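Below, each chain spelled out in residue letters.
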Amino acid sequence: VGQCIKPGIDCPGHELLKVAGLFAGDEDSYQLFHCVFGPVINALHGDWPEGSSFMGDDNIAKISNTMVDPTGRYALSAVMDVRRNFSGLRFPSCCSNEERREVERVAAAALSGTGVSLPLRGSESHLATPGGMSPHQEKHLRGLGTLFSEPDSKLRLAAGLGRNWPDARG
């Protein structure tokens, strides 16, 4: 449990910025350390029924291009944070570089032919693209807002999310 709570110990948050500070190492962590994760999940998401799992909604028809704040006075942008959970592979906070490369391999295979999977510049993990994407590709993806950003928050770094950067981030 020490590795799970380390980010919260290192970065306890601020009165204006509340953080969970708790990172599961793998899917079994939720059951193994339920006495720790249960109360935190309930505090963040209200009464979360024991034994329930998250039900995603992949209906793209529900996505809207309606501006949240048409005046631009209060909301300038919105960010969507995507996380991966592949059964049988540890989460980014605990995975080895080899596991991270396996995640990249599985994701790249699933996305092959779509043109949306490119390794970050400087990565040596993708044999088909040694050294990663070109500077032009990186600039284009950064302009679209779809490029992985190196973790810079103390919380994410304390959780180990920046290990071996940029390797296996394609």
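S.K.: What should I look at first to understand the confidence of the model for the protein in this one?
M.R.: Predicted coordinates in areas of low pLDDT are best not read in detail. Looking at the protein as a whole, the pLDDT averages 81, with 90% of positions reaching at least 70. Confidence scores differ between elements of the protein, with helix H3 (residues 34-45) showing the lowest mean pLDDT of 84 and helix H5 (residues 135-144) the highest of 87.

S.K.: Just to check I follow, could you spell out the packing of aromatic side chains for this structure?
M.R.: Centre-to-centre distance and the angle between the planes together describe a pair of aromatic rings. One pass over the structure, following the stated rule, counts two aromatic pairs. The interplanar angle of 50° and the centroid separation of 6.4 Å between the aromatic rings of Tyr-30 and Phe-91 together place this pair among those described as tilted. On the criterion of sequence distance, the pair formed by Tyr-30 in helix H2 (residues 29-32) and Phe-91 in the loop between H3 and helix H4 (97-111) is long-range, its members being 61 residues apart. The class of Tyr-30 is partly exposed, set by a relative accessible area of 35%. Three or more aromatic residues joined by ring pairs make a cluster, and in this case those are Tyr-30, Phe-37 and Phe-91.

S.K.: Can you help me understand the side chain of Glu-99 in this one?
M.R.: Structurally, the position occupied by Glu-99 is in helix H4. With residues up to four places along the chain from it excluded, the contact list for Glu-99 reads Leu-89, Arg-90 and Cys-94.

S.K.: For this particular structure, what's the right way to read the pattern of salt bridges?
M.R.: Pairing of side chains with opposite charge becomes possible as their charged atoms draw close. Applying the stated rule across the entire model yields six salt bridges. In this structure, the salt-bridge partner of Arg-105 is Glu-102, at a minimum N-O distance of 2.8 Å. Within this pair, Arg-105 and its partner Glu-102 are both found in helix H4, separated by three residues, close to a single helical turn. When its relative accessible area of 48% is taken as the criterion, Arg-105 is described as partly exposed. When its relative accessible area of 29% is taken as the criterion, Glu-102 is described as partly exposed. For Glu-138, the salt bridge goes to Arg-142, with nearest N and O atoms at 3.1 Å. Here the residue Glu-138 and the residue Arg-142 both occupy positions in helix H5, the gap between them amounting to four residues, near one helical turn. Overlapping salt bridges bring together Arg-121, Glu-138 and Arg-142 as one network.

S.K.: How should the environment of Arg-169 be read in this particular structure?
M.R.: Tracing the backbone shows Arg-169 in the segment after helix H6 (154-158). Taking relative accessible area as the criterion, Arg-169 reaches 8% and is therefore assigned buried. Measuring from C-alpha to C-alpha, the distance between Arg-169 and His-126 comes to 9.3 Å, with 43 residues separating the pair along the chain. Excluding its chain neighbours within four sequence positions, the residues that come into contact with Arg-169 are Arg-100, Glu-104, Leu-118, Pro-119, Leu-120, Phe-148, Leu-161, Gly-162, Arg-163 and Asn-164.

What counts and what doesn't
- Residues numbered from 1 in each chain as written.
- Predicted model: local features only at pLDDT ≥ 70, side-chain atom pairs only at ≥ 80, totals over all residues.
- Heavy atoms only, no water.
- pLDDT = per-residue confidence, 0-100.
- Helix = DSSP H or I, 4+ residues; strand = E, 2+ residues; numbered from the N terminus.
- Phe/Tyr/Trp six-rings, centres within 6.5 Å; stacked < 30°, edge-to-face > 60°.
- Buried < 20%, exposed > 50% of the residue type's maximum accessible area, 1.4 Å probe, protein only.
- Contact = heavy atoms within 4.5 Å.
- Salt bridge = Lys/Arg side-chain N within 4 Å of Asp/Glu carboxyl O.

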